[in-house]
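# Close look at the chain arrangement
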Amino acid sequence: MILSSEVRVLSVEKYKILRALNTKGTVFLAQDVDANRYVLKTLPSDSVSIYERIASLPSHSHSERVFGCFEQDEDTVAICEYIEGITLCEALESGHTFSLKQIKKMICDLCAAVEHLHKNSIIHRDINPNNIIVDDKRDIKLIDYGIARVYNGKKDNDTTIFGTEGYSAPEQYGFRETRFTADVYSIGMVLKLLLNSCEDASAAQEVYLRKIAARCTSFDPDRRYRSAGAVCLAVKRSGYMLPAAIGCAAIAFPVVFSLGVLSMTNDADMRIDNSVV
């Protein structure tokens, strides 16, 4: 791994720019002398510290890796992992559908990436389909830490209003300080979107998962799941849901069983919530 302190002595001349990746001319696909590909991002001044912090952390299989930063003229440039694939937004717009199994895995992988950030006191704040890369195996990676921040719990509200409309939590618009549950809200919105593309969920499974998404996206942060890990556990427990029973004699058992599973999920979530700050 290249550390920030090591790459600060480098310059952009070490890299060959292949093409721009955004219209602003601040993100580029590049390769080094060994033909390894990277994404170079020119950072706003208020994003430098968060990228340097993430560069110092262990990498995570479902998060964009940041190798370090260097200074070029008056700018700071982050050296980020190049990820093969398309955004979740592009996948859905092109007509991709996903099985229930794939959706559950994608959400749990997203939760794992978010938990990795949260354990290091970082809130992403911009989880949306354009910041999730999907590869040809339907594996995902969370990218773009441009408006991420370190949580300290000492503010009444965020000093700057940022986020993506439709995916960012209400508190990101000035109601109160953004906490880890803001990312839980965004995960819930992504789950809702994915369920619209689901090709094989039974009615009972879809209802169950939409209830999970609804709790994630509660207006009141205190009514949401307390952690991304709790969301993943609830999603995994949806596997206990049974298809609709065939025949009158078989109706009672699935109803009782489903109620029992919901109770198990709520109890488990309460245990997890109590263990998460």
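Residues numbered from 1 in each chain as written. Predicted model: local features only at pLDDT ≥ 70, side-chain atom pairs only at ≥ 80, totals over all residues. Heavy atoms only, no water.

This part is about the side chain of Thr-217. Assignment of secondary structure puts Thr-217 in the loop between helix 6 (203-216) and helix 7 (228-237). Overall, Thr-217 belongs to the buried group, its relative accessible area being 13%. Polar contacts involving the side chain of Thr-217 include one to the main-chain carbonyl oxygen of Ala-213, which spans 2.9 Å. Sequence-distant contacts of Thr-217, defined by excluding residues within four places in its chain, comprise Tyr-185, Gly-188, Met-189 and Lys-192. (Helix = DSSP H or I, 4+ residues; strand = E, 2+ residues; numbered from the N terminus. Buried < 20%, exposed > 50% of the residue type's maximum accessible area, 1.4 Å probe, protein only. Polar contact = N/O pair within 3.5 Å; in protein donor to acceptor, adjacent residues only side chain to side chain. Contact = heavy atoms within 4.5 Å.)

Here we come to the state of the cysteines. Note on terminology: disulfide describes a covalent bond linking the sulfur atoms of two cysteines. As enumerated under the stated definition, the model contains one disulfide in all. Here Cys-108 pairs with Cys-232 through a disulfide, and the sulfurs are 2.4 Å apart. Since a negative S-S torsion denotes a left-handed disulfide, the Cys-108-Cys-232 link at about 110° is right-handed. With Cys-108 in helix 4 (residues 100-118) and Cys-232 in helix 7, the pair connects residues that are 124 residues apart, well separated along the chain. A single burial state applies to Cys-108 and to Cys-232, both of which are buried. For the unlinked cysteine Cys-111, the closest cysteine sulfur is that of Cys-232, found at 5.4 Å. (Disulfide = S-S within 2.5 Å.)

Here the focus is unusual backbone geometry. Phi is positive for Ser-121, close to 65°, though the residue is something other than glycine. Residue placement: Ser-121 occurs in the loop between helix 4 and strand 7 (122-123). Look at Arg-125: it is not a glycine, yet its phi comes out positive at around 75°. Looking at the element boundaries, Arg-125 is found in the loop between strand 7 and strand 8 (132-134).

Within a sheet, each strand pairs with its neighbour through backbone hydrogen bonds, oriented either parallel or antiparallel. The strand order across the open sheet built from three strands is 6-8-9, with neighbouring strands paired in antiparallel fashion. Among the strands making up the open sheet, the edge pair consists of strand 6 (86-87) and strand 9 (140-142). Bridge analysis of strand 8 against strand 9 gives three bridges, and the strand direction is antiparallel. What sits directly across from Ile-133, in strand 9, is Lys-141. (Pairing = 2+ DSSP bridges.)

On to the pattern of salt bridges, then. If the charged atoms of two oppositely charged side chains come close together, the side chains can form a pair. A full pass over the atoms with the stated rule returns eight salt bridges. Among the charged side chains, a network of salt bridges with common partners joins Lys-105, Asp-109 and Asp-139. (Salt bridge = Lys/Arg side-chain N within 4 Å of Asp/Glu carboxyl O.)

This paragraph deals with the packing of aromatic side chains. Scanning all chains against the criterion turns up five aromatic pairs. Seen in terms of ring centroids, Tyr-38 and Phe-67 are 5.5 Å apart; in terms of plane orientation they differ by 85°. Their pairing is edge-to-face. Of this pair, Tyr-38 sits in strand 3 (residues 37-43) while Phe-67 sits in strand 4 (residues 66-72), and the two are 29 residues apart along the sequence. For the pair Tyr-38 and Phe-67, one class covers both residues: buried. Each member of the aromatic cluster is reached from another via a ring pair, and the members are Tyr-15, Tyr-38, Phe-67 and Phe-70. Sitting over the face of the ring of Tyr-225, Arg-215 holds its NZ or CZ atom 4.1 Å from the ring centroid. (Phe/Tyr/Trp six-rings, centres within 6.5 Å; stacked < 30°, edge-to-face > 60°. Lys NZ or Arg CZ within 6 Å of the ring centre and 35° of its normal.)

As a further point, take the packing of helix 4 against helix 7. At their nearest, the axes of helix 4 and helix 7 sit 8 Å apart, and the two run at 165° to each other. In terms of orientation, helix 4 lies roughly antiparallel with respect to helix 7. Viewed along their axes, helix 4 and helix 7 form a crossing whose handedness is left-handed. On helix 7, the residues that touch Lys-104, Ile-107, Cys-108, Cys-111, Val-114 and Glu-115 of helix 4 are Ala-228, Gly-229, Val-231, Cys-232, Val-235 and Lys-236. When the residues that make up the contact of helix 4 with helix 7 are grouped by side-chain class, the tally is eight nonpolar, one polar and three charged. (Axes fitted to C-alpha atoms, helices over the stretch in contact; angles between N-to-C directions. Parallel < 35°, antiparallel > 145°, perpendicular 65-115°, else oblique. Left-handed = near helix turned anticlockwise from the far one by under 90°. Nonpolar A, V, L, I, M, F, W, Y, C, P; charged D, E, K, R; others polar.)

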